[in-house]
Amino acid sequence: MTDSLGTMEDLPEDYRAAMQAAGVAPLWPMMRNVLPHGAPAPVTQTGHWTYASVRPLLLQAGELTPVEKAERRVLVLSDPGRGTGAMQATSTIYLGMQLLLPGETAPAHMHTPSAARIIVEGSGAFTVVDGERLPMEEGDLVLTPGGEWHDHGHDGEAPVIWLDALDLPLFVYLEGSYAVEGDLQAQRNRPDASQVEYLSAGLAPSRSTSRPRRYPMIRYPWQRTEAALREMARFGDADLPELDYVNPETGADVLPTMGFTAMMLPEGSTSAPPRRSCSSAFHVVRGRGRTRIDGKTVEWGEKDTFSVPVFAVVEHEADTEAFLVRVHDRPLQEKLGYYEERAR
Ligand SMILES: [Fe+2]
């Protein structure tokens, strides 16, 4: 191992010109850019998007641009490390705040990237995935896995806002991102699978019935997540109640590349998780507190969103009882045989 690799300037001018003409470049001057020592050197920087600043802009977008002209009325949460306008919050995770007004519909489409949404505000909106009508209530997690048709509608009285999380940056990098548009879907006249087949944890439809879909449960109602976290806080062994969202048939993460983890921080509690190789974004469902991320403090409140780069040193502190959902790319890293956690 050496830190004294040759530089571009060490090389004669005519040699550099000849390399350029041949369409090649020397690795050694750039080696440490792509293979730094010991740990990655992330481009991503911690972002903090307060709901107080995003909400009015989103409502204004509702006045400025009819949904027909926007298709999806979204403000993208740009990674400060890549600058405003960056279509990503971390290397693999795209985040956007979406607004749907009463009576509006967002037309049906499908795309290669997978998405999930966390409902931030409002009531009465719904997503239709593969004909299944999924209510969108505050805190619910609703999946739209890659390749699945989805559209949105809103029968309620007030604006609905949700946070979209997609593995879009990864698909853009793979040159694999595209969408197909279609007509609004016919809706099956029955409640979604979270209210029927998968009403209780540990119970799944009998194996003797038809084969489960690849994504059998699309909606994860917040009410049940919060209730489970509260019981874990009362009786669980873990220091910090945390629940991963999983496919109820396989136990695997809900989407191929993105994971979702709900956590509860009791009032006055602190938490110091290990350093993780995955990138993360936290959405505050409820509560107030602060998180130190590599020495930088984010003072968060209800419905705020903030991001955490890979291998960051993280410390949470809750002023009130708080519930957060962490979006992360651990499932992708595990599939690559790479995910790691390090002691602080
Ligand atoms: Fe979509």
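As shown above, the structure is provided for reference.
Anyway, here's the lowdown on the structure attached to this text. (Residues numbered from 1 in each chain as written. Predicted model: local features only at pLDDT ≥ 70, side-chain atom pairs only at ≥ 80, totals over all residues. Heavy atoms only, no water.)

### Brief notes about the nonpolar core
Grouped together as the largest cluster of nonpolar side chains are 41 residues, with contacts concentrated most on M97, Y245 and F260. Setting aside residues up to four positions removed in sequence, F260 forms contacts with A116, L141, A165, L243, D244, Y245, V254, L255, R326, V327 and H328. Core analysis: the next-biggest nonpolar cluster, separate from the first, contains 15 residues, L265, V284, F306 and A318 among them. (Core = buried A, V, L, I, M, F, W, Y, C linked by side-chain atoms within 4.5 Å. Buried < 20%, exposed > 50% of the residue type's maximum accessible area, 1.4 Å probe, protein only. Contact = heavy atoms within 4.5 Å.)

### Thoughts on the environment of A318
When you line up the elements, A318 lands in strand β21 (residues 314-318). Sequence-wise, A318 and S271 are 47 residues apart; in three dimensions their C-alpha atoms are separated by 9.0 Å. Ignoring any residue separated from it by four or fewer positions in sequence, one finds A318 in contact with L265, P266, E267, G268, S269, R288 and G289. (Helix = DSSP H or I, 4+ residues; strand = E, 2+ residues; numbered from the N terminus.)

### Some points on the environment of P169
Locating P169 in the fold gives a position in helix α5 (residues 168-173). Taking C-alpha positions, P169 is 7.3 Å from M87, a pair spaced 82 residues apart along the chain.

### Topic: the pairing of strand β8 (residues 141-144)
Within a regular beta strand, the side chains point alternately toward one face of the sheet and then the other, so they alternate between its two faces. Side-chain alternation along β8 places L141 and L143 on one buried face and V142 and T144 on a second face that is also buried. Note: strand β5 (residues 115-121) against β8, four bridges, orientation antiparallel. By the bridge assignment, A115 is partnered in β8 with T144. (Pairing = 2+ DSSP bridges.)

### Digging into a nonpolar patch on the surface
Together, Y15, L27, W28, V34 and L35 line one region of the surface with nonpolar side chains, adding up to about 520 Å² of accessible area. Mapped onto the secondary structure, L27 falls in the loop between α1 (13-22) and α2 (31-34). (Patch = residues over 30% accessible without salt bridge, like charges linked within 9 Å, V, L, I, M, F, W, Y side chains within 5 Å. Areas by Shrake-Rupley, 256 points an atom, 1.4 Å probe, with all protein chains shown as cover. Salt bridge = Lys/Arg side-chain N within 4 Å of Asp/Glu carboxyl O.)

### Focus on the pattern of salt bridges
Side chains carrying opposite charge are able to pair once their charged atoms draw close together. A full pass over the atoms with the stated rule returns 27 salt bridges. In this structure, K303 and E138 form a salt bridge, with 3.4 Å as the shortest nitrogen-oxygen distance. Here E138 lies in the loop between β7 (132-136) and β8 and K303 lies in the loop between β19 (296-300) and β20 (305-308), a separation of 165 residues in the sequence. For E321, the salt bridge goes to R230, with nearest N and O atoms at 2.9 Å. One end of the pair, E321, is in the loop between β21 and β22 (322-328); the other, R230, is in helix α6 (residues 222-235), and 91 residues separate them in sequence.

### Section: the coordination of the iron ion
Six octahedral donors at a metal ideally form angles of 90 or 180 degrees, and four tetrahedral donors ideally form angles of 109.5 degrees. Around the iron ion, the donor atoms from the protein are H109 (NE2), H111 (NE2) and H150 (NE2), and they sit 2.1 to 2.2 Å away. Coordination of the iron ion draws on donor residues from a single chain, spaced H-x1-H-x38-H in sequence. Of this pair, H111 sits in strand β4 (residues 105-111) while H150 sits in strand β9 (residues 150-154); the two residues are 39 residues apart in sequence, bridging distant segments of the chain. Of the two residues, H111 and H150, neither departs from the other in class, the shared state being buried. (Donors = N, O, S within 2.8 Å, 3.2 Å for Na, K, Ca; no water.)

### Some remarks on the packing of aromatic side chains
Inspection of every chain in the model, using the stated rule, returns four aromatic pairs. A centroid spacing of 5.5 Å and a plane angle of 80 degrees characterise the contact between Y220 and Y245, whose relative ring orientation is edge-to-face. One end of the pair, Y220, is in strand β12 (residues 219-220); the other, Y245, is in the loop between β13 (242-244) and β14 (259-265), and 25 residues separate them in sequence. No difference in accessibility class separates Y220 from Y245, as the two residues are buried. Look at W300 and F306: their rings are 6.5 Å apart centre to centre, the planes differ by 10 degrees, and that puts the pair in the stacked class. Here W300 and F306 have matching classes, each one buried. Through successive ring pairs, a cluster of aromatic residues spans F282, W300 and F306. The ring of F126 carries the charged tip of R133 above its face, separated from the ring centre by 3.8 Å. (Phe/Tyr/Trp six-rings, centres within 6.5 Å; stacked < 30°, edge-to-face > 60°. Lys NZ or Arg CZ within 6 Å of the ring centre and 35° of its normal.)

### Comments concerning the sheet that holds β8
The strand order across the open sheet built from six strands is β2-β3-β10-β5-β8-β12, with neighbouring strands paired in antiparallel fashion. With one partner strand each, in any of the chains shown, β2 (74-76) and β12 form the two edges of the open sheet. The strands touched by helix α3 (residues 51-64) are β2, β3 (94-100), β5 and β10 (160-166); relative to β3, the strand with the most contacts, the crossing angle is about 50 degrees. (Axes fitted to C-alpha atoms, helices over the stretch in contact; angles between N-to-C directions.)

### A word on unusual backbone geometry
At D130, a residue that is not glycine, the phi angle is positive and equals roughly 50 degrees. Here D130 shows up in the loop between β6 (125-129) and β7. Since its relative accessible area comes to 36%, D130 is described here as partly exposed. One non-glycine residue, E175, adopts positive backbone phi at about 55 degrees. By secondary structure assignment, the location of E175 is in the loop between α5 and β11 (179-181). Overall, E175 belongs to the exposed group, its relative accessible area being 77%.

### Topic: α1
Within α1, only one of the ten residues are buried, which leaves the element largely exposed. Just downstream of α1, G23 is the residue with a positive phi angle, here 75 degrees.

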